[in-house]
Amino acid sequence: MGFLVWSMLVLALVSQSHGYSVRSPLDRFKRFQDSAWSDPNDCSQARQSLVMSNPYNFSVDIRMPGVVPSASDSYYCVAVPVPTSWEAYIVDFVPHASMDTAHHMLLYGCRNPTSTKGYWDCGREQGTCEDEAKIMYAWARNAPPTKLPKDVGFKVGGDTRITYFVLQIHYGDIKNFRDHHKDCSGLTLRMTSKPQPFIAGMYLMMSVDTVIPPGKTVTNADIACTYLSYPMYPFAFRTHTHRLGKVVSGYRIRNGQWTLIGRQSPQLPQAFYPVSNDIEVKYGDTLAARCVFTGEGRSSKTRIGGTSNDEMCNFYMMYYMDNKHSIPYMDCMDHGSSSLFRSIPNEANVPIPVSPDHMMNMMHGSNQKDGEDGAALQQPKREQEEVLDQGTHLEELADWPEVELQLGQVSGLAVDSDDNLVIFHRGDHRWEMNSFDNKAVYQQRSLGPIQQSTILVVDPSKGNVLKASGKNMFYLPHGITTDKDNNYWVTDVALHQVFKLSKDGTEKPLLVLGEAFKPGSDKSHFCKPTDVAVDPETGNIFVSDGYCNTRILKFSPEGKYLSDWGAGSLDRRRRVPFQIPHSLAFVPDKRELLVADRENGRVQCFMADTGEFVKEIKRDEFGGEVYAVSYAPVQGGLIYVVNGESPYGQSAPLRGFVLNYSTKEILDTFAPDTQKFKMPHDIVVTKDGSVYVGDATSDSVIKFVPSEKAEHRSVKKGGIEVQEIEETETFVQANLKPIHKPLAQSPQATVPELPEVAEKQPTPAQQAKALEDKEKEKETIANKAKSQGLSPAVITTLLLLLPLVLVIAIGVFVRWKKSRMYGDHEVKLEPSGSSGGILGKLRGKAAGTLNLGNFFATHKGYTRQGFDRLSTEGSDLEKDDEDATDSENEEYSAPPPPVSSSQ
């Protein structure tokens, strides 16, 4: 009997303990509350941090505990534990803040916050979390609350690795705290412990290297990624830029059709607004975004960064996915190809006007109470909008040349007076590590000169070879230019010589400078000379010399030595000598000579008459090497350069640059879409604005044209019928209405593991009908053949022979075309391998985790101040040049997509 009583007492105690654990999963939250916020302050005492509305639903209030920032642009963080160790779901966010006090708020989830005691300065040395921080909510500019659709929630606790919430608030101007009041801005999270059928997530499309030239009316930042995961359903979007942003738009692209996800002015309250169209995003779709900026009012370039003087281009998208296959955080930072964005709807280029009254209200705060819905914000009527001038951007002309040019290493490019392209290439010779000894003497003379034609004059429109010359003359061609009489001036690094050749293609040079195979550094010898420039007014010639010597030499038209000079500097005490003066360009309207100093990653300008140093152009974007330079006397002077990979770890993406001569600002960058630059070795610009780049590793010449010409040609040549995308009027409301797509209506509740192959699979009845129609068609053809006296065997034979005849005809035509194109100058080269490589770039292929804080903290020109491990908003802090290491971003490998109904 005693044993029975004792057992019942033990059982009762265990049941009571278990009951407390079930009824009170929030005990650790209360213990934290008692210890962390024990210090009294003016605004935290009356706060109820946790409110239970029923056994399943509760609210968590996350507030700053009476903060008084000591300096402008301060970042403060506070961490609050998820109030249960089990899975819970955030179903609503309610902000409590004003622009008068808080510039913006960000809510993160993580396992290990930087601190768990009180608040801390998370904008200096410390960040928000010690592990990966996942963004869950963002607020700025007096944005209204964000409410999630029914049955959708952000999953926290349990196995999500989110055990803490971290609230980060950026305090902009401390003038707002002149009265020394204490701030308790924050958020209320409405949560439930009931499992939600659909899990909410955040997709961020972001540009990381946009440069906005000063005074330029329009600069676009484009982002696009292919989506490679299970279906997701966007329901809200938010845009973010700083002061220069005019409009930000996001789209889903499927089968060439652009469907708007959301479009808004980032100068309006930066709320999460309802998506414009109820859509599905599935495997193989493309997600794209464009930010439109203006550089008007700025005196220097603006780039992506963490201060208020920098810019940002962010398109946030809240989405939900089926609980079984949910991925809560994804991002995209890839550049979209220029050809893709050529068909972006016109609305993406239309700024959304913001009234001065609205701007004043946002600047000075709002009288709107916490939780109160804001006024409806309506986008402007299309007839009231004005499309901004998008300016000129260089794009690859993908179908040029229309004939195959059989080239070796392309070392030099030039343009004659008729705007024909002149290509200087190395045929079957290649510059290798063993080509020279340590005294710069060429070691492969036994190969003999190049037997192919090394100089090709090419039609700029189609790429046909008009003339070919330069057989059996050169060993390792390098630079080429033309004079006003269309004579060719070339250099050969193996011969250490400079040649003047007649335009008629005669093999005997008109003039030779230097001694064959004899390197030297006196007035009559060169050492691997790289390029030549000709003064059209005086006829004087300039030689960059070169790989061994660090000088520029000036000669008369007859080849008489006149002078030479080295690198220039405004500070003569800190003059840095040339390291491979690699390319020259003459500036006729300014009487200057441009020198691409390759290994120093700069362009230097000199007075052509005296050799006096004028200025230097050196940009971080060049990445340490500038291979070639060209000039166009338009718009006050434009300089074109191409960069290269640096062996010193300072490389940047390989691309071309267009710079303003006077301001040195980058006006445009360009790179091919159909291939990648491997070693862009020379660049030249024509009178009509076309740009050619010769790549020495891929043995090719790539043509770029202004964007409007590329679009006109591609449409006209291909006979493409352009289908206009119907523009839809959208009405954006500040009070977020749920736009839940009921997945329960789908025929399949579970998600199979097989990838989707087609939009819709035909039903068995449709398949049977299709087979029946096919059999009837065959029977009709057979009957017609019989009526014409042809047996099925004869018809089969003819059908089998037809492809063979067609292939033979094509081969004969190609052979005839090549013989007509080259005549006696046919060039036959063996395919060559490629060397080198392209630096990897920061990527986010439609999934994975974004560590933007480390990106800014570890790249030259930026500091970690104001950024945590996933901070995506801007601070107003200054930049520094301390660090230049690579980002830690990882690429996500998505699971196989499910089969779903088409949209």
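Residues numbered from 1 in each chain as written. Predicted model: local features only at pLDDT ≥ 70, side-chain atom pairs only at ≥ 80, totals over all residues. Heavy atoms only, no water.

*Asks:* Can you break down the state of the cysteines residue by residue, with the values?
*Replies:* Overall, the coordinates contain five disulfides when judged by the stated rule. A sulfur-sulfur distance of 2.2 Å marks the disulfide that ties Cys 110 to Cys 129. Here the S-S torsion is close to -75°, and the disulfide linking Cys 110 with Cys 129 is therefore left-handed. A residue pair is termed long-range when its members are at least 10 positions apart, and Cys 110 in strand β5 (residues 104-110) and Cys 129 in the loop between β6 (119-121) and β7 (134-140) qualify at 19 residues. Each member of the pair, Cys 110 together with Cys 129, is buried. Note on cysteine connectivity: Cys 225 is disulfide-linked to Cys 332, with sulfurs 2.1 Å apart. Judged by the torsion about the S-S bond (90°), the Cys 225/Cys 332 disulfide is right-handed. Of the two residues, Cys 225 sits in strand β14 (residues 219-226) while Cys 332 sits in strand β22 (residues 329-332), which places them 107 residues apart along the sequence. (Disulfide = S-S within 2.5 Å. Helix = DSSP H or I, 4+ residues; strand = E, 2+ residues; numbered from the N terminus. Buried < 20%, exposed > 50% of the residue type's maximum accessible area, 1.4 Å probe, protein only.)

*Asks:* Could you give an account of the pairing of strand β29 (residues 477-482), with specific residues and numbers?
*Replies:* Of all six residues in β29, six are buried; the element is thus mostly enclosed. Looking at chain direction, β29 and strand β30 (residues 488-492) are connected through four bridges and run antiparallel. Considered in β30, the bridge of Thr 482 is made with Tyr 488. Counting the residues between successive antiparallel strands, the hairpin from β29 to β30 contains five residues, one of them, Asn 486, with a positive phi of roughly 65°. (Pairing = 2+ DSSP bridges.)

*Asks:* Outline the sheet that holds strand β28 (residues 465-469), listing residues and values.
*Replies:* Taken in spatial order, the four strands line up as β25-β26-β27-β28 in an open sheet, and their pairing is antiparallel. Both outer strands of the open sheet, β25 (410-415) and β28, are each paired with one neighbouring strand and no more. Between one strand axis and the next, the sheet turns by 20° as a mean value, whatever way the strands run. Strand direction decides the pairing type here: β25 and strand β26 (residues 421-425), joined by five bridges, are antiparallel. In the strand pairing of β26, Leu 413 is matched with Ile 423. (Axes fitted to C-alpha atoms, helices over the stretch in contact; angles between N-to-C directions.)

*Asks:* Requested: an account of the sheet that holds strand β31 (residues 497-501), with residues and values cited.
*Replies:* Strand-to-strand pairing in sheets goes through backbone hydrogen bonds, with the strands running parallel or antiparallel. As summarised here, the arrangement of the four strands in space is β29-β30-β31-β32, forming an open sheet in which the pairing is antiparallel. Only two strands of the sheet have a single partner each, and these edge strands are β29 and β32 (511-513). Strand after strand, the sheet turns through a mean of 15° between neighbouring axes, direction not considered. When β30 meets β31, the two strands line up antiparallel, connected through five bridges. Of the residues in β31, the one forming a bridge with Tyr 488 is Leu 501.

*Asks:* An account of the nonpolar core is requested, with residue identities and associated values reported.
*Replies:* Among the nonpolar cores identified, the biggest contains 62 residues, and Phe 165 and Leu 189 are the most heavily contacted of them. Ile 261, Ala 271, Ala 289 and Cys 291 belong to the second-largest nonpolar core, a separate cluster that totals 30 residues. (Core = buried A, V, L, I, M, F, W, Y, C linked by side-chain atoms within 4.5 Å.)

*Asks:* Describe the packing of aromatic side chains, naming the residues involved and giving the relevant values.
*Replies:* Scanning all chains against the criterion turns up 34 aromatic pairs. Aromatic pair Phe 93 and Tyr 137: ring centres 4.7 Å apart, planes at 10°, arrangement stacked. Note that Phe 93 is positioned in strand β4 (residues 88-96) and Tyr 137 in strand β7, a separation of 44 residues in sequence. Relative to Phe 315, the ring of Phe 237 lies with its centre 5.7 Å away and its plane at 10°, an arrangement referred to as stacked. Note that Phe 237 is positioned in strand β15 (residues 233-240) and Phe 315 in strand β21 (residues 313-322), a separation of 78 residues in sequence. Taken as a pair, Phe 237 and Phe 315 share a single burial class, namely buried. Taken together, the ring pairs connect Trp 431, Phe 436, Tyr 442, Tyr 475, Phe 517 and Tyr 547 into an aromatic cluster. If you follow Arg 445 out to its NZ or CZ, it ends over the ring of Phe 517, 3.9 Å from the centre. (Phe/Tyr/Trp six-rings, centres within 6.5 Å; stacked < 30°, edge-to-face > 60°. Lys NZ or Arg CZ within 6 Å of the ring centre and 35° of its normal.)

*Asks:* So what's going on with the pattern of salt bridges? Which residues, and what values?
*Replies:* As enumerated under the stated definition, the model contains 22 salt bridges in all. Ionic pairing is found between Arg 598 and Glu 625, a salt bridge with its closest N-O pair at 3.8 Å. Placement of Arg 598 in the loop between β38 (592-597) and β39 (602-607) and of Glu 625 in the loop between β40 (613-617) and β41 (626-632) is noted, with a sequence separation of 27 residues between them. For Arg 598, a relative accessible area of 12% puts it in the buried group. Through salt bridges with shared partners, a single ionic network connects Lys 301, Arg 619, Glu 621 and Glu 665. (Salt bridge = Lys/Arg side-chain N within 4 Å of Asp/Glu carboxyl O.)

*Asks:* Hey, could you go over the side chain of Arg 619 for me, with residue numbers and the actual values?
*Replies:* Looking at the element boundaries, Arg 619 is found in the loop between β40 and β41. The class for Arg 619 is buried, based on a relative accessible area of 14%. Apart from residues no more than four positions distant in its own chain, Arg 619 is found in contact with Lys 301, Leu 659, Lys 664, Glu 665 and Ile 666. (Contact = heavy atoms within 4.5 Å.)

*Asks:* Provide a residue-level description of the environment of Arg 303, including the pertinent values.
*Replies:* Within the secondary structure, Arg 303 is located in strand β20 (residues 302-303). Separated by 92 residues in sequence, Arg 303 and Val 211 place their C-alpha atoms 4.5 Å apart.

*Asks:* Pulling in residues and values, what's your account of the side chain of Ser 338?
*Replies:* Of note, Ser 338 is situated in helix α3 (residues 338-341). At 2.7 Å, the side chain of Ser 338 forms a polar contact with the side chain of Asp 673. Other than its neighbours up to four places away in sequence, Ser 338 contacts His 393, Glu 395 and Asp 673. (Polar contact = N/O pair within 3.5 Å; in protein donor to acceptor, adjacent residues only side chain to side chain.)

*Asks:* Which residues make up the environment of Leu 654, and what values go with them?
*Replies:* Among the structural elements, Leu 654 can be located in the loop between β42 (638-643) and β43 (656-660). Assessed through its relative accessible area of 8%, Leu 654 is described here as buried. With 15 residues separating them in the primary sequence, Leu 654 and Thr 669 have C-alpha atoms 10.0 Å apart.

*Asks:* Can you lay out the pairing of strand β34 (residues 541-545) for me, pointing to particular residues and giving the numbers?
*Replies:* The buried fraction of β34 amounts to five of the five residues, a majority that puts the element mostly inside the structure. Alternating positions in β34 separate into two faces, Ile 541, Val 543 and Asp 545 on one and Phe 542 and Ser 544 on the other, with burial throughout. Pairing analysis gives five bridges linking strand β33 (residues 529-534) to β34, with the strands arranged antiparallel. By the bridge assignment, Val 534 is partnered in β34 with Ile 541. Hairpin connection between β33 and β34: a loop of six residues separates the two successive antiparallel strands, and Gly 539 in this loop has a positive phi of roughly 85°. In terms of strand pairing, β34 meets strand β35 (residues 551-555) through five bridges, oriented antiparallel. The residue of β35 that forms the bridge with Ile 541 is Phe 555.

So, to be careful, I would describe these as geometric facts and stop short of saying anything about function.
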